[in-house]
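# Structural features, examined
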Amino acid sequence: MREGCLVYRGLDARGQPIYQQKRVDLFLGLDFALLAPKHQITHAAIVSGDSDLVPDFEAQQEAIQRVAYPRPHRELCQRIKEARR
């Protein structure tokens, strides 16, 4: 699991702090690039709708056998369908 880092984004209407996770896609991309070619990762389950992951998936689709994207971005769906053909 990749958590990234939290960035403070201000306060909401109730005065509660708002935090946003950043750099998760970067860390996942690094995992794909470093671990998949060494066969240290063969399957990945990505729970994201972030299209920033498309290049990572495309670069490693030979090394990573199956990738699942629940609630994926439209472009991610298309790339996965193409890779399964």
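Bear in mind the structure is a predicted one, so any value in this text is a computation, not a measurement. What you see as residue numbers is a count from 1 along each chain, following the sequence as written. The predicted origin of the model limits local features to residues at a pLDDT of at least 70 and limits the giving and counting of side-chain atom pairs to 80 or more, whereas totals for whole chains, interfaces and linings rest on all residues. Computation of side-chain values: all heavy atoms of the structure, hydrogens and water removed.

### Focus on the environment of Asp56
Among the secondary structure elements, Asp56 is positioned in helix H2 (residues 54-60). Once the C-alpha coordinates of Asp56 and Asp25 are considered, the two residues, 31 residues apart in sequence, prove to be 8.9 Å apart. Residues are treated as being in contact if the distance between any of their heavy atoms lies within 4.5 Å. With near-sequence residues (within four places) excluded, Asp56 lies in contact with Asp25, Gly29 and Phe32. Secondary structure follows DSSP: runs of H or I at least 4 residues long count as helices, runs of E at least 2 residues long count as strands, and numbering of each begins at the N terminus.

### Thoughts on the pattern of salt bridges
For salt bridges, the criterion is a side-chain nitrogen of Lys or Arg within 4 Å of an Asp or Glu carboxyl oxygen. Applying the stated criterion across every chain yields a total of one salt bridge. A salt bridge links Asp12 to Arg14, with the shortest nitrogen-to-oxygen separation between them at 3.3 Å.

### Examining the confidence of the model for the protein
Confidence scores per residue from the predictor, reported as pLDDT, run from 0 to 100. Considering every residue of the protein, the mean pLDDT works out to 77; 78% of them sit at 70 or more. Element-level pLDDT for the protein is lowest in strand S4 (residues 66-68), with a mean of 55, against a maximum mean of 90 in strand S1 (residues 5-11).

### Some details on the packing of aromatic side chains
Within a pair of aromatic rings, the relevant descriptors are the distance that separates the centres and the angle that separates the planes. Two aromatic rings, drawn from Phe, Tyr or Trp (for Trp, its six-membered ring), form a pair once their centres lie within 6.5 Å of each other, and the interplanar angle then sorts them: stacked below 30 degrees, edge-to-face above 60, tilted otherwise. This model, assessed by the stated rule, comprises one aromatic pair. Measuring from ring centre to ring centre gives 5.7 Å for Tyr8 and Tyr19, while their planes differ by 65°; the resulting arrangement is edge-to-face. Within this pair, whereas Tyr8 is found in strand S1, its partner Tyr19 is found in strand S2 (residues 17-22), the two being separated by 11 residues in sequence. Think of it in three bands: residues with accessible area under 20% of the maximum for their type are buried, residues over 50% are exposed, and the middle band is partly exposed, with areas taken using a 1.4 Å probe on protein chains only. You can call Tyr8 partly exposed: its relative accessible area is 46%.

### Some points on the pairing of S1
Here a strand pair is declared whenever DSSP counts at least two bridges between the two strands. Where S1 meets S2, five bridges bridge the pair, whose relative direction is antiparallel. Opposite Val7, over in S2, you have Gln20 as the bridge partner. Taking the residues that link successive antiparallel strands as the turn, the S1-S2 hairpin has five residues, and the phi of Gly15 there is positive, at about 85°.

### Topic: the nonpolar core
The criterion is simple. A nonpolar core is a set of buried Ala, Val, Leu, Ile, Met, Phe, Trp, Tyr and Cys residues joined through side-chain atoms within 4.5 Å. Ranked by size, the top nonpolar core spans eight residues in total: Val24, Leu28, Phe32, Ala36, Ile41, Ala44, Ile46 and Leu53. Among the elements that make up this core, the one with the highest residue count is helix H1 (residues 24-35) (three residues).

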